[in-house]
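Given next are the chains, with one letter for each unit.
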Amino acid sequence: MARTKRDRLITRRIARWIDGRVGTAKFARSALGKVFPNHWSFLLGEIALYAFVVLVLTGTYLTFFFDASSREVVYQGVYTPLRGVTMSEAYRSAIDLSFEVRAGLVMRQIHHWAALLFIAAIVVHMMRIFFTGAFRRPREINWMVGVTLLILSIFNGFAGYSLLDDQLSGTGLRIAYSIALSIPIGGTWVASLLFGGEFPGADIIGRLYVIHILLIPAAIIGLLGAHLAILVRQKHTQFRGLGRTEDNVVGERVWPSFAFKSVGLMLLTTAVLSALGGLAQINPVWLYGPFRPAEVSSASQPDWFMGWLDGALRLFPGWEIRAFGFEVPAPFFPAVALAGLTFALLYLWPFIEARFTGDYEVHHLLDRPRDRPRRTAIGVGAFTFYAMLTLSASSDVTATTFGLSVNSVVWSLRILTLVAPFVSGVIAYRLCRELLQREAGTVVAYEPSGDSLIE
Amino acid sequence: MTAPDPQVPIPTSAAEDDAHGRAERAAIGRRRERFAALSFAVSVVAAIGLGVVYWRGGQPQLEGVFLALGFGGLGVGFIVWAKHFMPHEEVTEERHSLASTDEEMTLFREEFERGEQVLERRGLLLKAAGAALAALGAALIFPIRSLGPRPGKGLKSTPFRAGVRLVTEANEPIKPADLVTGGVLTVFPEDHTNAADASTVLIRPGTAVKPRPGRETWTPDGVVAYSKLCTHVGCPVGLYQAEEHLLLCPCHQSTFDVLDGARPVFGPAARSLPQLPLGIDADGYFVSLGDFSGPTGAGFWDRDR
């Protein structure tokens, strides 16, 4: 083939070199032509993806300075209030990287904020999928991959802030140890194998580190790849609208405008996280002090994504079932059973719903929440339940802030957690029916899909 | 930063498509182009600022702000560029059924079964290989056992024995006079101040403790000792409300009545805090008369065995 002037461009020559060996042009062209429906709610998953990118980049930087060791050392660094204090190497290196490593603190804080955003974006993305029915056939597999990603990210978030071995995270680890112990029959083994013996043990920090920076991230990357590959293979869902059918997908091609907008979104996500990391202090471990098993600070609260479990631990009454000389410890129900049930229901939801509605058809057109009043009511009720549990994780702070007794706050929350989901579910159901009835009265076709956030 | 007004209509009708309209469109376009270019320029300035801040020793707030401006400027520039200077045609892509046709399925099955028949012809090898894989798989699980010791008596015992002195965190023994009325001390077994399962609260309630049967002699000089670990999930019960004689766990608000064997009176804990049999030795220091009345901390399935 005759060389044109443009062929002398180095990028073109590299592209041609690669294509001559693996033949990528056809695939690359179809990737550029992938069609993305324009709707703001489709960007939620992207935000989660970009928060993950930030997590990997900042996290890698932190690994160069963090030393995940329980070895006891005496602090002699620049932070005077802790000089002369005995602490673990892990805690010391966390403080050193905050105060003595240039750009260390901003990276650590961006990492923490990115973790909070990552899980929040996953949850909101999941709610979008739920309320629009995007989990229905043929997307059940991707729904389950997504639920797995949620579980992994919650685990990794917990593992991450537990590494620093400060007073707050040590308390969290002690609770995790006790929850592991509460598993009937296998619990003592699980706890012993995980912690390398009785709490606190000398091994847990190093093990959590491997879990946090290798095992779970590798699993997340693999599943993210599968999540996106399945998405591309099945093509996007879309809202109803003119010219949109079950047999097509209407939207913008990737190249160039969608790609630029998406990269812009990634950069803006990074910008917001950078601003938070620089200006909004988070997890100031130097204030908490090193972990001492006999101490605890009041107002001990976990990060937001663990709040529902902590709230459940606070609200659930002290029931310990004893029979035949064995017992089911109190935390089993609000922690092990609740988490197991929550994730089992999430995994199975596409099949449960299909079973109840008898709808096993393929769906590429999305519902609006109002189109399925029952599903919407269940979703709103479930959301309210977990929101109430999360709120309960700060029952003591609520009590002191408003000058109430902890007992009355806890009792109110117990009742609200059981009642509010039903009330909100019924309200959601009524609203959906009302909206549908109004629509039926007027002659309004479905509006075309909403506008993209960055359109 | 103010985004260019997206509401400015771009005249499209033929009537408006005159020289005036074209000029106006061009002006709007130039304004947007300038705005995007300015955003990129902000990014450049922020990058330089970041370099200067870093070079001069670093400052977390400024680093965050410059990072935000750097990424933000680039992001805004990209989005404005994509929005106004790139095509937005809606395209329709056909969907095709994802499921394979019956013919494809049949072809696949036939091919697979051809191979399967080859395997089945050597049934002995198939079974032997299966047994080897299963055995090896099981053997490879064993190393997990190395991760921790067999859980056993350790969960049920602490370093407290008969005659072991109670000490402060600094490993100093304690006399009854060290504890005022309404006072509370966190204590440990002597030489085991790091023992995570043995932290103990020593309290002088100032009111007679109602002893459990068999514990009548465990409160010398009106002082009582309980495990500091909540029986719910093991947080230290760090708060003592002296007037009500209540021990409170700051984690999940379990509340224990100090005068009544540390019985749980509120919250998610189901069991009383284990009590330490307390005595005073010949030198006048507090000692334990034995281990706690039960395993300390959170419950586990064979706790009563």
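Residues numbered from 1 in each chain as written. Chains lettered and ligands numbered in written order. Predicted model: local features only at pLDDT ≥ 70, side-chain atom pairs only at ≥ 80, totals over all residues.

### What about the overall build of chain A?
The secondary structure content of chain A amounts to 16 helices and six strands. Principal-axis analysis of the C-alpha atoms places the extent of chain A at approximately 70 × 65 × 45 Å. Long-range pairs, those at least 24 residues apart, make up 75% of the contacts in chain A between residues at least 6 apart in sequence. (Helix = DSSP H or I, 4+ residues; strand = E, 2+ residues; numbered from the N terminus. Contact = placed C-beta atoms within 7 Å.)

### Considerations on the domain arrangement of chain A
Residues and elements named next belong to chain A. Taken domain by domain, chain A comprises domain 1 (39–287 + 325–342) and domain 2 (368–446). Relative placement of domain 1 and domain 2: their C-alpha centres are 27 Å apart. With five residues of domain 1 at the interface, the matching set in domain 2 holds five residues. Residue composition of the side of domain 1 that touches domain 2, grouped by class: two nonpolar, two polar and one charged. (Domains from an automatic or database assignment. Nonpolar A, V, L, I, M, F, W, Y, C, P; charged D, E, K, R; others polar.)

### Topic: the nonpolar core
Residue and element names in this part refer to chain A. Grouped together as the largest cluster of nonpolar side chains are 156 residues, with contacts concentrated most on Ala-48, Ala-51, Ala-114 and Phe-118. Of all the elements, helix 5 (residues 104–131) adds the most residues to this core, at 16 residues. Among residues more than four places away in sequence, those in contact with Ala-114 are Ala-51, Val-54, Leu-55, Thr-58 and Leu-273. (Core = buried A, V, L, I, M, F, W, Y, C linked by C-beta atoms within 7 Å. Buried ≥ 20, exposed ≤ 12 C-beta atoms within 10 Å, placed from the backbone.)

### Looking at the interface of chain A and chain B
In this assembly, 79 residues from chain A lie in contact with 68 residues from chain B. Residue contributions to the side of chain A that touches chain B peak at 15 residues, all from helix 10 (residues 254–279) of chain A. In the side of chain A that touches chain B, the residues fall into 40 nonpolar, 25 polar and 14 charged. One ladder, built from four bridges, connects strand 4 (residues 248–253) of chain A with strand 1 (residues 91–94) of chain B; its direction is antiparallel. Within the sheet, the bridge partner assigned to Gly-251 of chain A lies in strand 1 of chain B and is Val-91 of chain B. (Pairing = 2+ DSSP bridges.)

### What to know about the environment of Leu-431 of chain A
With respect to the helices and strands, Leu-431 of chain A occurs in helix 16 (residues 406–441). Sequence-wise, Leu-431 of chain A and Ala-377 of chain A are 54 residues apart; in three dimensions their C-alpha atoms are separated by 9.5 Å.

### Quick word on unusual backbone geometry
Residue and element names in this part refer to chain A. With omega at -5°, the peptide bond leading from Phe-199 into Pro-200 counts as cis. With respect to the helices and strands, Pro-200 occurs in the loop between helix 8 (187–195) and helix 9 (204–234). A cis geometry characterises the amide bond from Trp-255 onward to Pro-256, with omega recorded as -5°. Of note in this structure, Ile-185 is not a glycine but carries a positive phi near 65°. Within the fold, Ile-185 resides in the loop between helix 7 (167–181) and helix 8. Even without a glycine there, the phi angle at Phe-324 is positive, about 55°. Counting through the fold element by element, Phe-324 comes out in the loop between strand 5 (321–323) and strand 6 (326–328). Taking the C-beta count within 10 Å as the criterion, Phe-324 has 6 such neighbours and is therefore assigned exposed.

### Some thoughts on the sheet that holds strand 3 (residues 184–189) of chain B
Residues and elements named next belong to chain B. Across the sheet, which stays open at both edges, the six strands sit in the order 5-4-3-2-11-10 with antiparallel pairing between neighbours. Only two strands of the sheet have a single neighbouring strand rather than two, namely strand 5 (224–227) and strand 10 (278–280). When strand polarity is set aside, the average angle formed by the axes of neighbouring strands in this sheet is 40°. Direction of pairing for strand 2 (residues 162–167) relative to strand 3: antiparallel, over a ladder of two bridges. The residue of strand 3 that forms the bridge with Leu-166 is Pro-189. (Axes fitted to C-alpha atoms, helices over the stretch in contact; angles between N-to-C directions.)

### Quick look at the packing of helix 12 (residues 307–315) of chain A against helix 13 (residues 333–357) of chain A
Residue and element names in this part refer to chain A. Packing of helix 12 against helix 13 brings their axes to within 8 Å, and their N-to-C directions diverge by 135°. As far as their axial angle goes, helix 13 and helix 12 are oblique. Where helix 12 crosses over helix 13, the two elements pack in a sense that is right-handed. Contacts from Leu-309, Ala-312 and Leu-313 of helix 12 reach helix 13 at Pro-334, Ala-335, Leu-338 and Ala-339. (Parallel < 35°, antiparallel > 145°, perpendicular 65-115°, else oblique. Left-handed = near helix turned anticlockwise from the far one by under 90°.)

### Some details on the pairing of strand 4 (residues 200–203) of chain B
Residue and element names in this part refer to chain B. Across the two faces of strand 4 the burial is the same, with Thr-200 and Leu-202 and Val-201 and Ile-203 all buried. One ladder, built from four bridges, connects strand 3 with strand 4; its direction is antiparallel. Across the sheet, the residue bridging to Thr-186 is Val-201, located in strand 4. Sheet analysis places strand 4 next to strand 5, joined by four bridges and oriented antiparallel. Within the sheet, the bridge partner assigned to Thr-200 lies in strand 5 and is Ser-227.

### Quick notes on the domain arrangement of chain B
Entries for chain B in the domain assignment read domain 1 (14–85), domain 2 (104–147) and domain 3 (157–289). One C-alpha centre belongs to domain 1 of chain B, the other to domain 3 of chain B, and the line joining them spans 65 Å.

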